[in-house]
Amino acid sequence: MLLRPPGRQANQALLVVLLVAFGTGVATVATGSPNGAWVAIGHGICGMAVVLLIPWKSRVVRGGLRRARLSRWVSLLLAALALFTLAAGLGYATGLVRSIAGKPGLWVHIAVALVLVPLVVWHVWARGIRTRGIRPRRTDLSRRALLRAGVVAAGAVALYAAAESAITGLGLPGARRRFTGSYEVGSFRPEAMPATSWLLDAVPAIDPERWRLSIKDGQGRRELTLAQLTANDTKVRATLDCTSGWYSHQDWTGLPLATLLGREGNAQSVYVHSVTGYWVRFPIHDMDRLLLATQAGGAPLSADHGFPVRLVAPGRRGYWWVKWVDRIELQTTPSWWQPPFPTG
Ligand SMILES: Nc1nc2c(c(=O)[nH]1)N[C@H]1C(S)=C(S)[C@@H](COP(=O)(O)O)O[C@H]1N2
Ligand SMILES: [Mo]
């Protein structure tokens, strides 16, 4: 009976897939270099596994709805949001739906997925664990059950491969995405590049005459004026790839951090702080590829792109590229001592 498995196993399979989807989704947001491409692929395969589990799970849902409970409305809301998240993800991946209600489709996909997290936790607890709808039994590890899991996994991989070749074959916009899932916007035209914030940062008004960069390294703390920084013209071509789903190649001009800061023997991290309070911490060995940019495309940065100076962090996602930098410090604090994503 490969096709009529117990509902409990559908619930278990869906939970495992959702956990892996969440993990690979978070990792996709974090990944910036091509050797991390497999997490995005894994996330896509999870999406296909959800598609395959829909018919199986909907039988469970129909059974559950017959037993009237107040909580079923919450469960139905959960189902609706889950399908919406899936659809938003597929819409963005194919390129058929790039924006929803004026927001980038990927942004909506992530936002709704985050709303789903507490709902899923509640649902697994209230409908799964308490009512035993998910609790594993010994038979769940039977050969037949494992075979079913294998069929779903192989089916998801096959469906993913088929979808990818359909996207390419039909020439859908999704075929032109970067390995992170982002679409190209405004390359080599900084004025056409979107200006974005991680969360709620607004563009600060900065008077370049009064602005100072405070730096702290092995030689202590000192302050630099903008004029002292713009005397440098190291050029770097690098790709800004925002987690809201776009990327842009630009030519940046500025001062390498390795030139600005004297190495300190026991420093473990580079702390970069913005006028707005936003900050990130890089591992010390990243320092050699970081640039403190004053220009994009040969012209001074515009206010929304970080005037007077912003960080360029090749190989890292956009949220590492701190704008409106006002303080840089070499610190002995280990680089992992920070929230997994910026909180500002
Ligand atoms: N101070 C500050 N810097 C920031 C952010 C922010 O919210 N505050 N957002 C980051 C994010 S998420 C991205 S994608 C890039 C966007 O850079 P851009 O607006 O020049 O395109 O800036 C990064 N630097
Ligand atoms: Mo971003």
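Structure's up top.
How each quantity is defined
Residues numbered from 1 in each chain as written. Chains lettered and ligands numbered in written order. Predicted model: local features only at pLDDT ≥ 70, side-chain atom pairs only at ≥ 80, totals over all residues. Heavy atoms only, no water. Patch = residues over 30% accessible without salt bridge, like charges linked within 9 Å, V, L, I, M, F, W, Y side chains within 5 Å. Areas by Shrake-Rupley, 256 points an atom, 1.4 Å probe, with all protein chains shown as cover. Salt bridge = Lys/Arg side-chain N within 4 Å of Asp/Glu carboxyl O. Helix = DSSP H or I, 4+ residues; strand = E, 2+ residues; numbered from the N terminus. 1 Å grid on protein atoms, 1.4 Å probe; cavity = no way out; pocket = protein on both sides within 12 Å on 5 of 7 lines; lining within 4 Å. Points joined across faces, edges and corners; volume = space filled by probe spheres on them. Nonpolar A, V, L, I, M, F, W, Y, C, P; charged D, E, K, R; others polar. Near = heavy atom within 4 Å. Polar contact = N/O pair within 3.5 Å; in protein donor to acceptor, adjacent residues only side chain to side chain. Buried < 20%, exposed > 50% of the residue type's maximum accessible area, 1.4 Å probe, protein only. Pairing = 2+ DSSP bridges. Phe/Tyr/Trp six-rings, centres within 6.5 Å; stacked < 30°, edge-to-face > 60°. Contact = heavy atoms within 4.5 Å. Axes fitted to C-alpha atoms, helices over the stretch in contact; angles between N-to-C directions. Parallel < 35°, antiparallel > 145°, perpendicular 65-115°, else oblique. Left-handed = near helix turned anticlockwise from the far one by under 90°.

1. Notes on a nonpolar patch on the surface
Nonpolar side chains collect at one region of the surface, where Phe-22, Val-26, Leu-114, Val-117 and Val-121 lie side by side and expose about 410 Å² of accessible area between them. A per-element tally of the nonpolar patch places helix α4 (residues 105-129) first, with 3 residues. Inspection of the secondary structure puts Leu-114 in helix α4.

2. Things to note about the layout of surface pockets
By volume, the second largest pocket amounts to about 530 Å³. Every residue lining the second largest pocket is counted, 24 residues in all, and those nearest its centre are Gln-9, Gln-12, Ala-13, Val-16 and Ala-149. Of all the elements in the fold, those that place two or more residues in the lining of the second largest pocket are α1 (7-30), α2 (37-66) and α5 (143-169). Its residues assigned to classes, the lining of the second largest pocket comprises 18 nonpolar, 3 polar and 3 charged.

3. Some points on the site of ligand 1
With respect to spatial proximity, 22 residues lie near ligand 1, and among them Pro-194, Thr-196, Asp-201, His-305 and Lys-323 are the closest. Contacts to ligand 1 include Trp-198, whose backbone N or O atom sits 2.9 Å from an oxygen atom. Look at ligand 1: alone it shows 530 Å² of surface, and the protein chains cover 100% of it. Of the residues assigned to the shell around ligand 1, the class counts are 12 nonpolar, 6 polar and 4 charged.

4. Regarding empty space enclosed by the protein
According to the stated counting rule, one finds 1 cavity of 30 Å³ or more in the structure shown. When its volume is computed, the largest cavity comes out at roughly 80 Å³. Lining the largest cavity, in full, are Trp-279, Val-280, Tyr-319, Trp-320, Gln-338, Pro-339, Pro-340, Phe-341, Pro-342 and Thr-343.

5. Quick notes on the pairing of strand β13 (residues 325-331)
With 5 of its 7 residues buried, β13 lies for the most part within the structure. Looking at chain direction, strand β4 (residues 213-217) and β13 are connected through 3 bridges and run parallel. Of the residues in β13, the one forming a bridge with Ser-214 is Arg-327. In the sheet, strand β8 (residues 269-274) pairs with β13 via 6 bridges, with the strands oriented antiparallel. Pairing of Val-270 across the sheet is with Leu-330, part of β13.

6. Digging into the packing of aromatic side chains
Per the stated rule, a full pass over the model turns up 9 aromatic pairs. Ring plane angle 80 degrees and centroid distance 6.2 Å describe the contact between Trp-336 and Trp-337, whose orientation is recorded as edge-to-face. By relative accessible area, which is 63% here, Trp-336 ends up exposed. Among the aromatic residues, those joined into a cluster by ring pairs are Trp-198, Phe-282, Tyr-319, Trp-320 and Phe-341.

7. Side note on the environment of Gln-268
Residue placement: Gln-268 occurs in the loop between α7 (257-260) and β8. Note on Gln-268: relative accessible area 41%, which makes it partly exposed. Note: C-alpha distance between Gln-268 and Ser-335 (67 residues apart in sequence) is 6.6 Å. Among residues more than four places away in sequence, those in contact with Gln-268 are Phe-282, Pro-283, Ile-284, Gln-331, Thr-332, Thr-333, Pro-334 and Ser-335.

8. Looking at the packing of α1 against α4
Direction vectors running N to C along α1 and α4 enclose 150 degrees, while the axes themselves pass 12 Å from each other. Taken together, α1 and α4 sit at an angle that is classed as roughly antiparallel. Two packed elements cross with a definite hand, and for α1 against α4 that hand is left-handed. Contact residues: α1 offers Leu-15, Leu-18, Phe-22 and Val-29, while α4 offers Ile-110, Leu-114, Val-117, Val-120 and Val-124. The residue inventory of the contact of α1 with α4, partitioned by class, reads 9 nonpolar, no polar and no charged.

9. Here's the deal with the sheet that holds strand β5 (residues 220-224)
Whenever strands of a sheet pair, they do so through backbone hydrogen bonds, lying parallel or antiparallel. Ordered by their spatial adjacency, 5 strands build an open sheet running β5-β4-β13-β8-β9, and the pairing between neighbours is mixed. Every other strand in the sheet has two partners, leaving β5 and β9 (279-283) as the edge strands with one partner each. Between one strand axis and the next, the sheet turns by 15 degrees as a mean value, whatever way the strands run. Where β8 lies against β9, 5 bridges are found, and the strand directions are antiparallel. Looking at the pairing, Tyr-271 lines up with Arg-281 of β9.

10. Examining the pairing of strand β10 (residues 291-296)
The buried fraction of β10 amounts to 5 of the 6 residues, a majority that puts the element mostly inside the structure. Bridge count for strand β7 (residues 246-256) against β10 is 5 bridges, and the pairing is antiparallel. Pairing of Leu-255 across the sheet is with Leu-292, part of β10. Where β10 and strand β12 (residues 310-312) come together, 3 bridges link them in antiparallel fashion. By the bridge assignment, Leu-291 is partnered in β12 with Val-312.

Everything listed here is a matter of coordinates, which is why it stays silent on function.
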